[in-house]
Amino acid sequence: MIEESKKRGLYRIGTPVRRTDLEPNHLYQCYMDEFENEYVVRRGILTIVTVDGQVY
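Just so it is clear, the structure is predicted and the values come from calculations on it, not from any experiment. Within every chain, residues take consecutive numbers counted from 1 along the sequence as written. Only residues with pLDDT of at least 70 are given local features in this predicted model, and only at 80 or more are side-chain atom pairs given and counted; all residues enter the totals for whole chains, interfaces and linings. Only heavy atoms go into the side-chain values, all of them from the structure, while hydrogens and water stay out.

Our focus in this paragraph is the pairing of strand S2 (residues 28-32). Where strand S1 (residues 17-18) meets S2, 2 bridges bridge the pair, whose relative direction is antiparallel. Across the sheet, residue arginine 18 finds its bridge partner in S2, namely tyrosine 31. A pair of strands is labelled paired if DSSP reports no fewer than 2 bridges between them. Only runs of H or I of at least four residues qualify as helices and only runs of E of at least two qualify as strands under DSSP, and these elements are numbered from the N terminus. Of the strand pairs in this sheet, S2 and strand S3 (residues 38-42) are connected by 5 bridges, and their pairing is antiparallel. Looking at the pairing, methionine 32 lines up with glutamate 38 of S3. Here S2 hands over to S3 after 5 residues, with glutamate 36 in that stretch at a positive phi of 65°.

Put into structure tokens, the structure is as follows:
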């Protein structure tokens, strides 16, 4: 996830920690880092939402 974040141009990247409380069902895996960036993996596709709302 960190390497993919760098490829996508994020400038503040922390260590993602799994947040099962944010997962709506078993198809999602949600992670959040110390900068409050949210990493969502759904069916193998990573979506990153930064704290200011940008989507990568």
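Moving on: the environment of arginine 8. Residue placement: arginine 8 occurs in helix H1 (residues 2-8). For arginine 8, a relative accessible area of 27% translates into the label partly exposed. Linking arginine 8 and tyrosine 56, residues 48 residues apart in sequence, is a C-alpha distance of 6.6 Å. We call two residues in contact whenever any of their non-hydrogen atoms come within 4.5 Å of each other. Setting aside chain neighbours within four positions, we find arginine 8 in contact with Leu46, Thr47, Ile48 and Tyr56. The rule is simple: take the accessible area with a 1.4 Å probe, protein chains only, and divide by the maximum for that residue type; under 20% is buried, over 50% is exposed, in between is partly exposed.

Keep in mind these values describe shape, not function.
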